[in-house]
Amino acid sequence: MEPLNSLYPVLAQDVNSPTHPVSAMDYLPKEKLRELQLHRLKWTVNYAYERVPLFRSRCQELGVKPEHIKTLSDIKLLPFSKKTDLRDEYPMGLRAATMDETVRFHCSSGTTGKPICIPNTLADISVWQNGAMRCLAMYGIRASDVLQVSYGYGLFTGGLGLHYGGEGLGCAVLPTSGGNTERQVMLMRDLGVTAIACTPSYFLRIIDEAKRQGIDFRKDTKLKHGIFGAEPWTTEMREAIERETGIIAHDIYGLTEIAGPGVAGSCQHSNGLHIWEDHFYPEIIDPDTLEPLPDGEQGELVFTTISRTGTPMIRYRTRDLTKLRVETCQCGRTMRVMDRICARSDDMLIIHGVNVFPGQIEAGLLRVPEVAPHYQILLSSTDDLDLFEIKVEITPEAFSDSVRHMENLRRRVFDAVKTIIGLSPRIILVEPGSLPRSEGKIRRVIDNRKKS
Ligand code: ADP
Ligand code: ZN
């Protein structure tokens, strides 16, 4: 029978191929991609110069005009933007669209301070949906999949981002949002959910709840894919989740300022993420000198949105640390790959004068097989001494009454962490299930040190 409408005309085909309209752009030849980026960059710079007073005045201070952008590398002439700009101009100072053109506001979750507000146009929503759809298609998700979206819905971009992505691909979307974990697990089993999207830390909570209900992911559910992001998580965490549940744990990256989840996503060929650079132009800079760094060098990730109109962001400093890979990915996509983001510069801890990222500690801990993926980093200070403690849950199988066994295990955990960070934290092994769980982004560091 002829379909009544052909809104999603080609979803039955293999979406994950260069000939499919959803994924075709992923494989655009590099020269064509650079041409397109330059065209869109010029357009965006002109547009923002015309419509965003702060951008215009900063360009004027630097003596830069839109017509100075002749090649992609001329982007370095443009001023940076930062989260503080969005806060200073709160709520809508950086908006380029009129209220007529604006269709939705999103606010960041405010992990690192006062929230910021990003007005989106309808075109922005569809650019964002396009990014999320391409991620899902890359993970192998199809119209036949049942996608449970357990990211929070609302001002936070996680829920709606994956929701639109899933619907765009024709998946059956289950919009559970975060929370009520008991019901989440029940619905997952009853509706034959094949893919779930949430923070990796919330998925750990779901794993606990499934265990409590006696549900075995492999036998009692159809879950095959986890789509995790919105917070840093390590390769070791990914492996721990995959081992425990038998699913494939995919990585999805995004931020409210640039769109939301779907700016970049992982492919099976590299432990990194393809950036949809036809929309989000990436640079890596040295966070101290602010000089652009070549591909292959680690630094701060900076994005310029080149197809957004509500709040075009130019050279936005994400504070996320990574590198862009030099080599092309084996999957054939031409979009550059960035390393997984295991750290944001705000998260860096200085302990006994040494720079430490929580992800390094996570990686060390999870290399010990008896360690469960639940831990807490506690920092406090006495008169002149910083105390550095790590509480770690161990698996129920490894938990024992034998003092010798536990001491031996504690020593191994200590060695694993010390090898990576070079510091000697006090390791406290705690019972399975005793550390706090999270329904959204988790806070694993508790820093009660006196600020000098
Ligand atoms: P914020 O957390 O800054 O209030 P958002 O909710 O927009 O604002 O979250 C965006 C931030 O979340 C990113 O800048 C990054 O630090 C983190 N993030 C998002 N996705 C990932 C991911 N896949 N891996 C690591 N970090 C991520
Ligand atoms: Zn790839």
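Residues numbered from 1 in each chain as written. Chains lettered and ligands numbered in written order. Predicted model: local features only at pLDDT ≥ 70, side-chain atom pairs only at ≥ 80, totals over all residues. Heavy atoms only, no water.

Draft legend 1. Geometry of the packing of aromatic side chains. By the definition in use, this model includes six aromatic pairs. Between Phe203 and Phe217, the ring centres sit 5.8 Å apart and the planes meet at 55 degrees, which makes this aromatic pair tilted. Here Phe217 lies in helix H8 (residues 217-220) and Phe203 lies in helix H7 (residues 200-212), a separation of 14 residues in the sequence. A relative accessible area of 7% means that Phe217 is categorised as buried. Geometrically, the ring pair formed by Tyr253 and Phe303 is tilted, given 6.4 Å between the ring centres and 35 degrees between the ring planes. Taken together, the positions of Tyr253 in strand E7 (residues 248-254) and Phe303 in strand E12 (residues 299-305) put the pair 50 residues apart, joining distant regions of the chain. The same class applies to Tyr253 as to Phe303, namely buried. An aromatic cluster of at least three residues, connected via ring pairs, comprises Phe203, Phe217, Phe228 and Trp233. The ring of Tyr164 carries the charged tip of Arg104 above its face, separated from the ring centre by 5.0 Å. We note Arg340 situated over the ring of Trp233; from NZ or CZ to the ring centre the distance is 4.5 Å. (Phe/Tyr/Trp six-rings, centres within 6.5 Å; stacked < 30°, edge-to-face > 60°. Helix = DSSP H or I, 4+ residues; strand = E, 2+ residues; numbered from the N terminus. Buried < 20%, exposed > 50% of the residue type's maximum accessible area, 1.4 Å probe, protein only. Lys NZ or Arg CZ within 6 Å of the ring centre and 35° of its normal.)

Draft legend 2. Focus on the coordination of the zinc ion (ligand 2). Protein coordination at the zinc ion (ligand 2) comes from Cys267 (SG), His274 (NE2), Cys329 (SG) and Cys331 (SG), with a distance range of 2.1 to 2.3 Å. Coordination geometry of the zinc ion (ligand 2): the four donor atoms subtend angles of 100 to 126 degrees at the metal centre, consistent with an arrangement described as tetrahedral. In the primary structure, the donors to the zinc ion (ligand 2) are separated according to the pattern C-x6-H-x54-C-x1-C. Within this pair, whereas His274 is found in strand E9 (residues 272-275), its partner Cys331 is found in the loop between strand E13 (316-322) and strand E14 (337-339), the two being separated by 57 residues in sequence. Residue His274 shares its accessibility class with Cys331, and that shared class is buried. (Donors = N, O, S within 2.8 Å, 3.2 Å for Na, K, Ca; no water. Tetrahedral: all angles 85-135°; square planar, octahedral: opposite > 155°, others 65-115°.)

Draft legend 3. Representation of the nonpolar core within the structure. Within the largest apolar cluster, 71 residues are counted, with the highest numbers of intra-cluster contacts made by Phe55, Leu78, Ile227, Tyr253, Phe303 and Met338. A total of nine residues in this core trace back to one element, the largest contributor, which is helix H4 (residues 122-139). With near-sequence residues (within four places) excluded, Phe55 lies in contact with Val45, Ala48, Tyr49, Leu78, Pro79 and Ile314. Counting 49 residues, the second largest nonpolar core, distinct from the first, contains Leu223, Met237, Ile241 and Ile390. (Core = buried A, V, L, I, M, F, W, Y, C linked by side-chain atoms within 4.5 Å. Contact = heavy atoms within 4.5 Å.)

Draft legend 4. The layout of surface pockets, seen in detail. A volume near 630 Å³ is recorded for the largest pocket. In terms of lining residues, the largest pocket is bounded by 24 residues, among which Asp347, Ile442, Arg443, Arg444 and Val445 are the most central. For the lining of the largest pocket, the elements supplying multiple residues, two or more each, are strand E15 (343-344), helix H10 (358-366) and strand E21 (445-448). In terms of residue count, the dominant contributor to the lining of the largest pocket is H10 (three residues). The residue makeup of the lining of the largest pocket, split by class, is eleven nonpolar, four polar and nine charged. Of the volumes computed, that of the second largest pocket is approximately 450 Å³. Broken down by secondary-structure element, the contributors of at least two residues to the lining of the second largest pocket are H7, helix H9 (235-245), strand E18 (371-381) and strand E19 (386-394). Its residues assigned to classes, the lining of the second largest pocket shows 13 nonpolar, three polar and seven charged. (1 Å grid on protein atoms, 1.4 Å probe; cavity = no way out; pocket = protein on both sides within 12 Å on 5 of 7 lines; lining within 4 Å. Points joined across faces, edges and corners; volume = space filled by probe spheres on them. Nonpolar A, V, L, I, M, F, W, Y, C, P; charged D, E, K, R; others polar.)

Draft legend 5. Looking closely at the pattern of salt bridges. Evaluated as defined, the whole model comprises 31 salt bridges. A salt bridge links Arg58 to Asp85; the nearest nitrogen and oxygen atoms lie 2.9 Å apart. Of the two residues, Arg58 sits in helix H2 (residues 53-62) while Asp85 sits in helix H3 (residues 83-88), which places them 27 residues apart along the sequence. By relative accessible area, which is 25% here, Arg58 ends up partly exposed. The partner of Arg412 in a salt bridge is Glu370, with the nearest N and O atoms 2.8 Å apart. Of this pair, Arg412 sits in helix H11 (residues 403-421) while Glu370 sits in the loop between H10 and E18, and the two are 42 residues apart along the sequence. Connected via shared salt-bridge partners are Asp26, Arg134, Asp278 and Arg333. (Salt bridge = Lys/Arg side-chain N within 4 Å of Asp/Glu carboxyl O.)

Draft legend 6. Inspection of the sheet that holds strand E3 (residues 146-149) at higher detail. Taking strand neighbours across the sheet as the criterion, the eight strands line up as E4-E3-E5-E6-E7-E8-E9-E14 in an open arrangement whose pairing is mixed. What marks the edges here is a single partner per strand, and that holds for strand E4 (172-174) and E14. Between one strand axis and the next, the sheet turns through 30 degrees on average, direction left out of account. By the bridge criterion, three bridges tie E9 to E14 in an arrangement that is antiparallel. From the neighbouring strand, Gly272 faces E14, where its bridge partner is Asp339. Packing against the sheet, H4 makes contact with E3, strand E6 (225-229), E7, strand E8 (261-266) and E9, and its axis sits at approximately 25 degrees to E8. Sitting on the sheet, H7 is in contact with strand E5 (195-198) and E6, with an inclination near 125 degrees to E5. (Pairing = 2+ DSSP bridges. Axes fitted to C-alpha atoms, helices over the stretch in contact; angles between N-to-C directions.)

Draft legend 7. Looking closely at the sheet that holds strand E20 (residues 426-430). Spatial strand order, E20-E19-E18-E21: four strands in an open sheet with mixed pairing. The open sheet has two edge strands, E20 and E21, and neither has a second partner. Ignoring which end each strand starts from, the neighbouring axes of this sheet average 20 degrees apart. Note that E18 and E21 share four bridges and pair parallel. When the bridges of E21 are listed, Leu379 appears paired with Asp447. Its contacts with the sheet place H10 against E18, E19 and E21, and it is angled at close to 135 degrees to E18.

Draft legend 8. Here's a closer look at the domain arrangement of the chain. Here the domain parsing of the chain yields domain 1 (1-344) and domain 2 (348-447). The C-alpha centroid of domain 2 is placed 31 Å from the C-alpha centroid of domain 1. Roughly 1,600 Å² is buried in total at the junction of domain 1 and domain 2, and carbon and sulfur atoms are behind 56% of that figure. Scanning the region where domain 1 abuts domain 2 turns up two salt bridges. Its salt-bridge partner being Arg437, residue Asp208 comes within 2.4 Å of it at the nearest N-O pair. Connecting domain 1 to domain 2 are eight residue pairs in polar contact (both at pLDDT 80 or more). Of all elements in the fold, only H7, H9 and E15 reach the threshold of two or more residues within the side of domain 1 that touches domain 2. For the side of domain 1 that touches domain 2, the element with the most residues is H7, which contributes five residues. Class assignment for the residues of the side of domain 1 that touches domain 2 results in nine nonpolar, nine polar and five charged. (Domains from an automatic or database assignment. Buried area = accessible area lost by both parts, 1.4 Å probe. Polar contact = N/O pair within 3.5 Å; in protein donor to acceptor, adjacent residues only side chain to side chain.)

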